[in-house]
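So you can see what is in the structure, the chains are spelled out below.
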Amino acid sequence: MKKILLTAASLMMFSAVSFSQNVNAALYKSKIERSNADIQDPKKNVKSSTWLSRGKAFYDTAVANNFKIFAGMPEADMIEKIGNPVNAKEIPTETYNGVNYLKYQYKGVDIYLLADQKTVDFWVETEPIYPGALEESKKAYLKAIEIDPAAQKKATDGLIKVMNAYRSVAGNVNKIGKSAEAGQNFGAAYEIGSMDIINDKDADSWAYYAGVFGAITEDFDATIKYLSPLAEAGTFEENGDTYYYLAYAYQKKGNFEEAEKNYLKGIEKYPSNQKLLQDLISLYIEMKEDPSKVIPYIKKGQESDPNNVVFFLAEGIAYNSMKEYDKAIEAFNNALKVNPDYFEALYSIGTSYYEKAGQLNTELSNVDYTNAKLRDELTAKIYEAYRNALPSLEKAHSLKPEDKSTVEFLKSIYFVLRDQSPEMQANYDKYNELFKSM
């Protein structure tokens with residue numbers, strides 16, 4: 001599964017937090033030590049104020065390295081507020097997801113500025129003063145409410161700050177590809193935001209991100225934990241992706257019954273979601289069941305929306321997975337009747353012919369060498385399949401000349417056919433050079 005990058009807007013990152021270069025870590029630790037002593041005191045332990053103070057002490061410690069800097073802040077303003085970084089003599093450039101960043105290193109935190117704009121984009125804490133401080137803050141605020149319901153207002157305000165800090169961390173670490181850490185922090189934000197006393201309108205989205213990152217990092221228990229409530233309530237479905245990732249997690253854990261249930265539920269609601277259809281087919285193959293069971297769902301989508309090319313594409317993909325290449329090609333051609341420039345269908349026709357040639361090659365390898373007639377017939381069919389793949393792949397390439405996979409298929413096919421004519425050899429040379437340059 002591919003790593004995903006969530007934008008600052010989609011995450012609604014809490015960008016007001018930031019940091020100071022000269023953080024007095026000893027001061028924050030001493031406050032926590034005093035709080036530890038207070039909760040051991042039988043008289044203070046039963047006071048909500050003790051736990052509210054503890055919640056604040058841990059929260060302040062958690063964000064101490066994140067104070068005063070904000071996303072979009074110009075480099076000059078950043079340096080004016082917190083001074084020069086420890087690596088001021090040589091600021092390195094790092095690239096994440098195609099974006100170039102300048103990495104400014106301070107004690108306790110690295111700040112990443114967009115290289116072309118020299119403005120703060122995100123930051124990652126490198127030396128937490130007290131690891132796990134946000135969780136301890138959360139526990140303290142909940143304890144305050146447990147002791148005295150009248151403390152709920154102050155405790156809730158504190159919990160909201162903790163929640164926002166969790167999602168800020170999640171958004172920041174996601175930028176540098178720390179998917180597991182991002183998922184854990186989104187999950188922590190959701191667990192607070194979904195509480196009845198808070199009920200944040202965006203909490204379901206954090207559960208979704210936590211579940212998706214769980215799937216990406218193969219923490220399938222986390223995926224099931226966070227996406228199951230969304231699927232059951234139908235509150236955050238992301239065009240069927242909630243069901244897809246949930247079903248995928250169940251499939252990976254070997255719970256095929258729950259996997260099938262969620263694939264089918266997603267398909268019924270979002271029949272154009274190709275991932276649901278493709279992975280349901282793979283599930284049926286893994287279960288050693290007939291993959292054609294998915295075809296009725298595709299046909300239903302075609303009947304409800306006959307001009308939706310995605311349904312024809314899905315049908316072709318289904319038949320392709322069953323190695324029924326002629327039926328697959330027919331379905332892809334039906335998609336082209338709706339949209340002659342549909343890249344995915346053009347590409348899929350080419351790959352279906354390519355795979356059909358491979359299937360025929362396997363048949364040929366099993367034919368006795370003494371049966372020259374059958375061998376010649378199969379060889380002719382193999383070359384015919386390769387030639388039939390070329391027109392659709394050539395057109396697909398003209399629509400998306402930057403697509404490397406299409407160029408690779410063209411190179412491979414022309415290589416097979418290169419001895420048939422000078423034109424075939426020239427085309428092989430052309431695509432071989434192009435592929436090398438990509």
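Refer to the structure above for everything that follows.
Here is what the cut-offs are and how they apply
- Residues numbered from 1 in each chain as written.
- Predicted model: local features only at pLDDT ≥ 70, side-chain atom pairs only at ≥ 80, totals over all residues.
- Heavy atoms only, no water.
- Phe/Tyr/Trp six-rings, centres within 6.5 Å; stacked < 30°, edge-to-face > 60°.
- Helix = DSSP H or I, 4+ residues; strand = E, 2+ residues; numbered from the N terminus.
- Buried < 20%, exposed > 50% of the residue type's maximum accessible area, 1.4 Å probe, protein only.
- Lys NZ or Arg CZ within 6 Å of the ring centre and 35° of its normal.
- Expected span 1.5 Å × (residues − 1).
- Contact = heavy atoms within 4.5 Å.
- Core = buried A, V, L, I, M, F, W, Y, C linked by side-chain atoms within 4.5 Å.
- Pairing = 2+ DSSP bridges.
- Axes fitted to C-alpha atoms, helices over the stretch in contact; angles between N-to-C directions.
- 1 Å grid on protein atoms, 1.4 Å probe; cavity = no way out; pocket = protein on both sides within 12 Å on 5 of 7 lines; lining within 4 Å.
- Points joined across faces, edges and corners; volume = space filled by probe spheres on them.
- Nonpolar A, V, L, I, M, F, W, Y, C, P; charged D, E, K, R; others polar.
- Polar contact = N/O pair within 3.5 Å; in protein donor to acceptor, adjacent residues only side chain to side chain.

(A) Structural view of the packing of aromatic side chains. Taken as a whole, this structure holds 20 aromatic pairs when the rule is applied. On the basis of an interplanar angle of 75° and a centroid distance of 5.2 Å, the ring pair of F58 and Y130 is categorised as edge-to-face. Pair noted here: F58 is in helix 4 (residues 48-62) and Y130 is in the loop between strand 4 (119-125) and helix 6 (133-147), with a separation of 72 residues, a long-range link. Residue F58 is classed as buried on the basis of its relative accessible area, which comes to 0%. You can call Y130 partly exposed: its relative accessible area is 33%. For R375, the ring lying beneath its charged end belongs to Y369, and the centroid distance is 4.2 Å. Cation over ring: K404 sits above F435, and NZ or CZ is 5.1 Å from the ring centre.

(B) Representation of helix 19 (residues 404-417). Spanning 14 residues, helix 19 covers 20 Å between terminal C-alpha atoms, matching the ideal 20 Å at 1.5 Å per step. Here helix 19 has its buried residues at T406, V407, F409, L410, K411, I413, Y414 and L417. Elements that come into contact with the buried residues of helix 19 comprise helix 17 (343-365), helix 18 (372-399) and helix 20 (422-437).

(C) Representation of the nonpolar core. Ranked by size, the top nonpolar core spans 118 residues in total, and within it I192, W206, Y208, Y263, L280 and Y342 carry the most contacts. Ranked by size, the runner-up nonpolar core spans 12 residues in total, among them I69, I82, L102 and Y106.

(D) Structural context of the sheet that holds strand 4. Here we have 4 strands laid out as an open sheet, ordered 1-2-3-4, and antiparallel in their pairing. Every other strand in the sheet has two partners, leaving strand 1 (93-96) and strand 4 as the edge strands with one partner each. Neighbouring strand axes in the sheet, compared pairwise and without regard to direction, differ in orientation by 35° on average. As defined by bridge partners, strand 1 adjoins strand 2 (residues 99-106) across 4 bridges and the pair is classed as antiparallel. Each residue of the ladder has a partner; that of T95, found in strand 2, is N100.

(E) Region of the structure containing the layout of surface pockets. In this structure, the largest pocket encloses a volume near 500 Å³. Forming the boundary of the largest pocket are 25 residues, of which E125, P128, L134, V169 and N185 lie nearest the centre. Looking at the lining of the largest pocket, the elements that each hand over two or more residues are helix 4, strand 4, helix 6, helix 7 (152-175) and helix 8 (179-193). Take the lining of the largest pocket: its biggest share by element is 6 residues, from helix 7. Of the residues contributing to the lining of the largest pocket, the split by class is 15 nonpolar, 6 polar and 4 charged.

(F) Layout of helix 9 (residues 203-216). Between the first and last C-alpha of helix 9 there are 20 Å, a value that for 14 residues agrees with the 20 Å anticipated at 1.5 Å per step. In terms of burial, helix 9 is largely enclosed, as 13 of its 14 residues are buried. Count one or two residues on from helix 9 and you reach E218, which has phi positive near 65°.

(G) Layout of the environment of R167. For R167, the location among the structural elements is in helix 7. Along the chain, R167 and N84 lie 83 residues apart, while their C-alpha atoms are 28 Å from each other. Within the local environment of R167, its side chain forms a polar contact with the side chain of N164, the two groups lying 2.8 Å apart.

(H) Highlighting the side chain of N320. Position of N320 among the secondary structure elements: in helix 15 (residues 309-321). We classify N320 as buried; its relative accessible area is 15%. When near neighbours in sequence (up to four residues on either side) are disregarded, N320 contacts Y325, A328, S352 and E355.

(I) Layout of unusual backbone geometry. At N199, a position not held by glycine, the phi torsion is positive, near 50°. Tracing the backbone through its elements, the reader meets N199 in the loop between helix 8 and helix 9. According to the relative accessible area criterion, N199 is exposed, its value standing at 58%.

Bear in mind that shape data such as this cannot, by itself, settle questions of function.
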